[in-house]
Amino acid sequence: MSAEDFQIEDKIMATFAPSSEVELDSRLGFQAAEFVRTHHRMLIDGNFVPASSGKTFPVYNPATGEVICHVPEADHNDVDKAVVAARRAFDSGPWSRVSPSQRGQLLWKLADLLESHTEEFAELESLDNGKPVSVARIADVPLAVDLFRYMAGWTTKNLGSTIPLSAGQDFLSYTVREPIGVVAQIIPWNFPLLMAAWKLGPALATGCTVVLKLAEQTPLTGLRLAQLIVEAGFPPGVVNVLTGFGEPCGAPLAAHNLVDKVAFTGSTEVGKLIAKAATGNLKKVTLELGGKSPAIIFPDADMDTAIAGAASAIFFNQGQCCCAGSRLFAHEAVFDQVISGVSEIAGKIKIGHGLDPATELGPLVSEEQFEKVSAYLSSGREEGAKIGSGGGRYSDRGYFIQPTVFHDVRPDMKVVAEEIFGPVVVAQKFSSDADLEKLAAQANDTVFGLAASVWTRDISIAHKMARRIKAGTVWVNCHNVFDAALPFGGYKQSGWGREMGAEVLNNYTEVKAVTVKL
Ligand code: NAI
Ligand code: MG
């Protein structure tokens, strides 16, 4: 470690170590410090409150494994209070009287507030999740800001249609779109702020009220956002934010009878539990789940772009993306070049504490995730995969994993079949004999269907592959491009419904057909 690294580590320790006696000092340069040191509270019915049990749980810094603060541990009693508040705000409370235009203004105000705190949010996200602050600053925070602005525009465009009846002219029929009601939203830890925005934006734009449960690993940006929601002027009960664990807090929320819809992002395993929990009152369900997305490189691709793109497709966010390009397919003519190119990039990535401005790859989010990915690394080795780069842990402290390239893999290997959710790619070769049908079948040979990327200069191949791939997103000559205007979601076991774009509004509204006999 260089002297410079030591300095930044020192600064981080002085600011965020739990027992730190250091007075908050602006010269330490962290805007997140003040919030981290506050007494954390959840937002229920417009008030910042502790858990009704009084319990709290620790929040860890994944770069060091140390506790940075504690947050309330909600259980079914807190869920109940939050749902009742959301119910009241929707049925009889202020939210039903707020005009679409006012809802738009509130969302825009929230976006402005968030934008003005970009640095603080980027630091909080980095500290809590481990991701590089340089990435959070240009991706997580601005994408969340954009999402709120985009959704602000939809508040006044919630259109129905006039429908001529097939049976005759003596009727006037039209549809209206009404908010679905109280929405439970349960989010994961990989993009804590952005997932909160993806969920809250469309719910609030359509006039729903929300109980949002943050991921237990990463509650900080969501709790800070709750403060901005109040500051923006959203009425009490419209947004309620809980911190707690899956079974004691998420499960009763997903099952609650006063909830009209549940929106979930996370593991496929828990997605299935959510779907079951929703059957009690047949609440509507949307799910955004796992993936094992292919990145397919044709021999005519611009190789520099494709190699850098394939590396970033898997290493972005430490590989903790549901749409990570985790299965790499490269044509035999360029396979060796691709493997050595991606491996070389992997070997050069600067790994370190997320708050270090030079860091390009941070730690994984938690010890659990670290253990899970480490087990896949062992499994890949045991099953005979060759290693182009990485393959182990980095540093003896914190949850760091080296960016890893496995090649010469077979479809039956665990590392090929299962979602790893870490910076680990498995590379397979395809030959000129493989026509597009065969290749697409290989790419589609997974229970998932979230995303894919195709790298080629041949527009015909690009569009033919786009048609053949069974996934909610197909990128051509790019990967991990997100936009508030683009629908995102999965085929097959990657989920139900779509997030973002105009599409998501359908998942937060009911359609009512009104017919008048003239
Ligand atoms: P998880 O699915 O357990 O957690 C996601 C959210 O669901 C959290 O807020 C959690 O508290 C909540 N939850 C857990 N059990 C619940 C239950 N029974 N009822 C209601 N809510 C519940 O995911 P976890 O354990 O954090 O990660 C495990 C794996 O899931 C990862 O290794 C990765 O493969 C996948 N994952 C996928 C994500 C995606 O973006 N699609 C995000 C995070 C994880
Ligand atoms: Mg879990």
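Since this is a predicted model, take the numbers as computed values, not measurements.

Scoring rules and cut-offs
- Here the residue index of a chain counts from 1 through its sequence in written order.
- Going through the entries in the order they are written, you letter the chains from A and number the ligands from 1.
- This being a predicted model, a pLDDT of at least 70 is required before a residue's local features are given, and a value of 80 or more before pairs of side-chain atoms are given or counted; all residues contribute to the totals for chains, interfaces and linings.
- In computing side-chain values, all of the structure's heavy atoms are included and hydrogens and water are not.
- Two strands qualify as a pair provided DSSP detects at least 2 bridges between them.
- A run of H or I in DSSP becomes a helix once it reaches four residues, and a run of E becomes a strand once it reaches two; helices and strands are each numbered from the N terminus.
- Fitted lines through C-alpha atoms give the axes, limited to the stretch in contact for helices. The angle between two N-to-C directions lies from 0 to 180 degrees.
- Every definition here rests on a 1 Å grid over the protein atoms only: cavities are sets of points where a 1.4 Å probe fits but cannot get out, pockets are open sets enclosed by protein on both sides within 12 Å along at least five of seven lines, and lining residues have some atom within 4 Å of a point.
- Grid points are joined across faces, edges and corners, and a volume is the space filled by probe spheres set on the points.
- In this count, Pro and Cys sit with the nonpolar residues alongside Ala, Val, Leu, Ile, Met, Phe, Trp and Tyr, while Asp, Glu, Lys and Arg are called charged and the others, Gly among them, polar.
- As annotated, the domain borders come from an automatic or database domain assignment.
- In what follows, a contact means two residues having at least one pair of non-hydrogen atoms within 4.5 Å.
- Accessible surface is computed with a 1.4 Å probe, and the buried area is the amount of it that two parts give up when combined, taken over both parts together.
- Whenever a carboxyl oxygen of Asp or Glu lies within 4 Å of a side-chain nitrogen of Lys or Arg, that contact is scored as a salt bridge.
- Any pair of nitrogen or oxygen atoms within 3.5 Å is treated as a polar contact; in protein, a donor-acceptor pairing is required on top of that, and neighbouring residues in sequence qualify only through side-chain atoms on both sides.
- The nonpolar core is taken to be a set of buried Ala, Val, Leu, Ile, Met, Phe, Trp, Tyr and Cys residues, with the residues joined through side-chain atoms within 4.5 Å.
- Per-residue accessibility, obtained with a 1.4 Å probe over protein chains only, is compared with the maximum for each type, and a residue is labelled buried under 20%, exposed over 50%, and partly exposed between these values.

A.B. asks: I'm lost on the sheet that holds strand S15 (residues 424-430) in this one. Help?
C.D. replies: Each strand in a sheet pairs with its neighbour through backbone hydrogen bonds, running either in the same direction (parallel) or in the opposite one (antiparallel). Spatially, S13-S14-S15-S12-S11-S16-S17 is the arrangement adopted by the 7 strands of the open sheet, whose pairing is mixed. Edge strands, defined here as strands with exactly one partner in the open sheet, are strand S13 (386-389) and strand S17 (473-476). Recorded for the sheet is a direction-independent mean angle of 25° between the axes of neighbouring strands. Across 4 bridges, strand S16 (residues 451-455) lies against S17 in parallel orientation. What sits directly across from Val454, in S17, is Val476.

A.B. asks: When you look at the layout of surface pockets in this model, what are you seeing that I'm missing?
C.D. replies: Empty space among the atoms becomes apparent when a probe as large as a water molecule is rolled across them. Reported here for the largest pocket is a volume of approximately 1400 Å³. Lining the largest pocket are 49 residues, and of these Trp189, Glu216, Gln217, Ser267 and Val270 sit closest to its centre. Every element with two or more residues in the lining of the largest pocket is listed here: strand S3 (56-61), helix H9 (246-255), strand S9 (261-265), helix H10 (268-277) and helix H13 (367-382). Among the residues making up the lining of the largest pocket, the classes are represented as 26 nonpolar, 12 polar and 11 charged. Mapped onto the domain boundaries, the lining of the largest pocket takes at least three residues apiece from domain 1 (3-289) and domain 2 (294-476).

A.B. asks: I would appreciate a short explanation of the domain arrangement of the chain in the present structure.
C.D. replies: Quite often, the size of an interface is put as the accessible area lost when its parts meet. By the assigned domains, the chain splits into domain 1 (3-289) and domain 2 (294-476). Each of domain 1 and domain 2 has a C-alpha centre, and the two are 30 Å apart. Taken together, the contact between domain 1 and domain 2 spans 30 residues of the former and 29 residues of the latter. Summing both sides of the interface, domain 1 and domain 2 together bury roughly 2300 Å²; the carbon and sulfur share of this comes to 62%. Three residues stand out in domain 1 for area buried against domain 2, namely Pro62, Ala63 and Trp189, and they jointly supply 21% of the buried area on that side. Taken together, domain 1 and domain 2 are joined by 0 salt bridges. Inspection of the region where domain 1 meets domain 2 yields 8 residue pairs in polar contact (both at pLDDT 80 or more). Of all the secondary-structure elements, those providing two or more residues to the side of domain 1 that touches domain 2 are helix H1 (3-16), helix H5 (118-129) and helix H6 (133-154). When its residues are assigned to classes, the side of domain 1 that touches domain 2 shows 13 nonpolar, 11 polar and 6 charged.

A.B. asks: Where do I start with the nonpolar core in this structure?
C.D. replies: If you look at soluble globular proteins, the nonpolar side chains tend to sit buried side by side. Within the largest apolar cluster, 112 residues are counted, with the highest numbers of intra-cluster contacts made by Phe16, Leu114, Leu225, Phe234 and Ile297. No other element matches helix H7 (residues 192-206), which puts 10 residues into this core. Taken domain by domain, this core gets at least three of its residues from each of domain 1 (3-289) and domain 2 (294-476). In this structure Leu225 touches Leu110, Leu114, Phe121, Phe148, Leu193, Ala196 and Leu200, once residues within four positions along its chain are discounted.

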